[in-house]
Amino acid sequence: MTHATVDSALHALASVDLGPTLLHAAPSAAAAVNDANDQQDGTASGTVVGSSLVSFSALVSAQHKSDLNNALALAQLVAVKQGHDPNADPVGYYQFLASFLSQIGFTAQGITFGQYTTQAKTVEIDQVVLEILQQVLAPDAIGTVTAALKALEGSADSGGAPWAIYSSNSVSNNAGTFTVGLANETNGSVAFQLGGFSFSGTETTTKFLWMTYSTTSISIKDGTTTFSLNDDVYSQVRATVLAKLGSHAQGFVANLPDL
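### Let's talk about the packing of aromatic side chains
For step 1, the next point in the chain: All told, the structure shown has 14 aromatic pairs when counted by the stated rule.
For step 2, the next point in the chain: Judged by centre distance (5.4 Å) and plane angle (70°), the ring pair of Tyr93 and Tyr94 falls under edge-to-face.
For step 3, the next point in the chain: Between Phe199 and Phe208 the ring centres are 5.5 Å apart and the planes differ by 25°, which places this aromatic pair in the stacked class. Each member of the pair, Phe199 as well as Phe208, is classed as buried.

Right under this line is the structure:
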């Protein structure tokens, strides 16, 4: 995949126009929330960005947390604006996200979905998420993701903004597409490892991650990938990304309580 330059990233962003209104406004309880830039150094944290649950290790700087949140928000909003339906075509949707992010300062790998299989008679989607991510993340990183999922469950129980945003952007008509991942930083280099998941079934619930499903009533597909931040490029287009997002980030990004 071709690596972006500052000029090519600015060119890619020049054509972005999200229009005057929010595309996927969350319920009113979350409508005014935009926590993308309200980040702290030196703490593990979690943020919901549309249909993505982003966990951050304590090593990720506040600036890089904001960068990833804003880039993911813009990528998802542009994807939907251009007609990419994550539930109808999850692979095409994630391929678009990877392509867009690679144009604005990330090195983004493609993603291939496979059918999740298990010998168990029942399954809970949050446990499937952890099972898949354990294959690509270190144990301490899994601990951070687990804490983020617990915080998200707390938001679901309380009717908080993070869950309102996540569920409204992930699920439609007994089907869903969402991501869960962890960002880490080493010597200034940021890598975001994530799992992409899609499911469809005959059962549904407002708290889809924690419902116990019969394995005969649900089909789950999953894939993993990694996005790496090229700070030399992204730092030069950061202001343009923020300008393109504008008010569209309201009701689309919300921080979880401290992990």
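### Quick notes on helix H1 (residues 6-14)
Note on helix geometry: an α-helix contains 3.6 residues per turn, so any two residues three or four positions apart are oriented the same way.
For step 1, the next point in the chain: Every buried residue of H1 is accounted for by Ala9, Ala12 and Leu13. Down the axis of H1, the buried set is contained in an arc of 95°. They therefore lie on one face. The outward face of H1, more than 90 degrees from its buried face, is lined by the exposed residues Asp7, His11 and Ala14.

### Section: the packing of helix H5 (residues 139-158) against helix H6 (residues 161-170)
For step 1, the next point in the chain: Axis separation between H5 and H6 bottoms out at 7 Å; the angle between their running directions is 95°. The orientation of H5 relative to H6 falls into the category roughly perpendicular. Residue-level contacts link Leu152, Ser155 and Ala156 of H5 to Ala161, Pro162, Trp163 and Tyr166 of H6.
For step 2, the next point in the chain: Tallied by class, the residues present in the contact of H5 with H6 amount to 6 nonpolar, 1 polar and no charged.

### Some points on the pattern of salt bridges
For step 1, the next point in the chain: This model, assessed by the stated rule, comprises 3 salt bridges.
For step 2, the next point in the chain: For Lys207, the salt bridge is made with Asp157, and the minimal N-O distance between the two is 2.9 Å. Taken as a pair, Lys207 in the loop between strand E8 (189-201) and strand E9 (212-214) and Asp157 in helix H5 lie far apart in primary sequence, 50 residues in all.
For step 3, the next point in the chain: Residue Asp231 is joined to Arg238 by a salt bridge in which the shortest nitrogen-to-oxygen separation is 3.8 Å.
For step 4, the next point in the chain: Several salt bridges converge on common partners, so that one network encompasses Asp67, Asp231 and Arg238.

### Examining the confidence of the model for the protein
For step 1, the next point in the chain: When pLDDT is averaged across the protein, the result is 91; 93% of the residues are at 70 or more.
For step 2, the next point in the chain: Per-residue pLDDT stays below 50 along residues 28-32; that stretch engages in 10 contacts with residues further than four places along the chain or on separate chains.

### Structural notes on the environment of Ser45
For step 1, the next point in the chain: Its location among the elements puts Ser45 in strand E1 (residues 45-49).
For step 2, the next point in the chain: Here Ser45 falls in the buried class, since its relative accessible area comes to 12%.
For step 3, the next point in the chain: Between the C-alpha atoms of Ser45 and Gly196, which are 151 residues apart in sequence, the distance is 20 Å.
For step 4, the next point in the chain: Setting aside its immediate chain neighbours within four residues, Ser45 contacts Gln39, Val54, Ser55, Phe56, Lys65 and Leu259.
For step 5, the next point in the chain: Within the structure, the side chain of Ser45 is placed 3.1 Å from the side chain of Lys65, a separation counted as a polar contact.

About the thresholds
Residues numbered from 1 in each chain as written. Predicted model: local features only at pLDDT ≥ 70, side-chain atom pairs only at ≥ 80, totals over all residues. Heavy atoms only, no water. Phe/Tyr/Trp six-rings, centres within 6.5 Å; stacked < 30°, edge-to-face > 60°. Buried < 20%, exposed > 50% of the residue type's maximum accessible area, 1.4 Å probe, protein only. Helix = DSSP H or I, 4+ residues; strand = E, 2+ residues; numbered from the N terminus. Arc of directions from axis to C-beta. Axes fitted to C-alpha atoms, helices over the stretch in contact; angles between N-to-C directions. Parallel < 35°, antiparallel > 145°, perpendicular 65-115°, else oblique. Contact = heavy atoms within 4.5 Å. Nonpolar A, V, L, I, M, F, W, Y, C, P; charged D, E, K, R; others polar. Salt bridge = Lys/Arg side-chain N within 4 Å of Asp/Glu carboxyl O. pLDDT = per-residue confidence, 0-100. Polar contact = N/O pair within 3.5 Å; in protein donor to acceptor, adjacent residues only side chain to side chain.

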